[in-house]
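Residues per chain, in single letters:
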Amino acid sequence: MAGKISMGARREVVSPVTERYRSAERAEKERILDELCATTGWHRKHAVREGRRRYGATTKDALMALWEASDRVCGKRLTVMIPTLLPALEQKRPIEA
């Protein structure tokens, strides 16, 4: 079955598993990863990466604005700069038509 599952079916499998994985204890996480790898044919590292948090559109837009405002500084430095840049971003509201 592994390797013959469509990308759409994989997404359907990953979504509920992601929530279970986040709230699970360590031993349970290992078992969840084993099941996911058996179902999808993925390696463990890929399965862990698929389950990572993804940002919503609003958060992503705000992060992009902060990144642009910082002259596209690396993520490590941007993280430190966010408390300084965020108040300026909050004051700049989009103009509504």
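Structure shown above.
Reading the values: rules and limits
Residues numbered from 1 in each chain as written. Predicted model: local features only at pLDDT ≥ 70, side-chain atom pairs only at ≥ 80, totals over all residues. Heavy atoms only, no water. Salt bridge = Lys/Arg side-chain N within 4 Å of Asp/Glu carboxyl O. Helix = DSSP H or I, 4+ residues; strand = E, 2+ residues; numbered from the N terminus. Buried < 20%, exposed > 50% of the residue type's maximum accessible area, 1.4 Å probe, protein only. Contact = heavy atoms within 4.5 Å.

Another point: the pattern of salt bridges. Under the counting rule described, the total for this entry stands at 7 salt bridges. For the salt bridge of Glu30 with Arg26, the shortest nitrogen-to-oxygen distance reads 3.9 Å. With a gap of 4 residues between them, Glu30 and Arg26 both fall in helix 2 (residues 26-40), about one helical turn apart. You can call Glu30 partly exposed: its relative accessible area is 40%. Residue Arg26 is classed as exposed on the basis of its relative accessible area of 69%. Between Asp34 and Arg44 there is a salt bridge, with the nearest N and O atoms lying 2.4 Å from each other. Of the two residues, Asp34 is situated in helix 2 and Arg44 in helix 3 (residues 44-50); the sequence distance between them amounts to 10 residues. Take Asp34: its relative accessible area is 45%, and that puts it in the partly exposed class.

What follows covers the environment of Leu89. Structurally, the position occupied by Leu89 is in helix 5 (residues 75-91). Owing to a relative accessible area of 26%, Leu89 belongs among the partly exposed residues under this scheme. For the pair Leu89 and Leu63, spaced 26 residues apart in sequence, the C-alpha to C-alpha distance is 9.9 Å. Apart from the residues lying within four places of it in its own chain, the contact partners of Leu89 are Ala62, Ala65 and Leu66.

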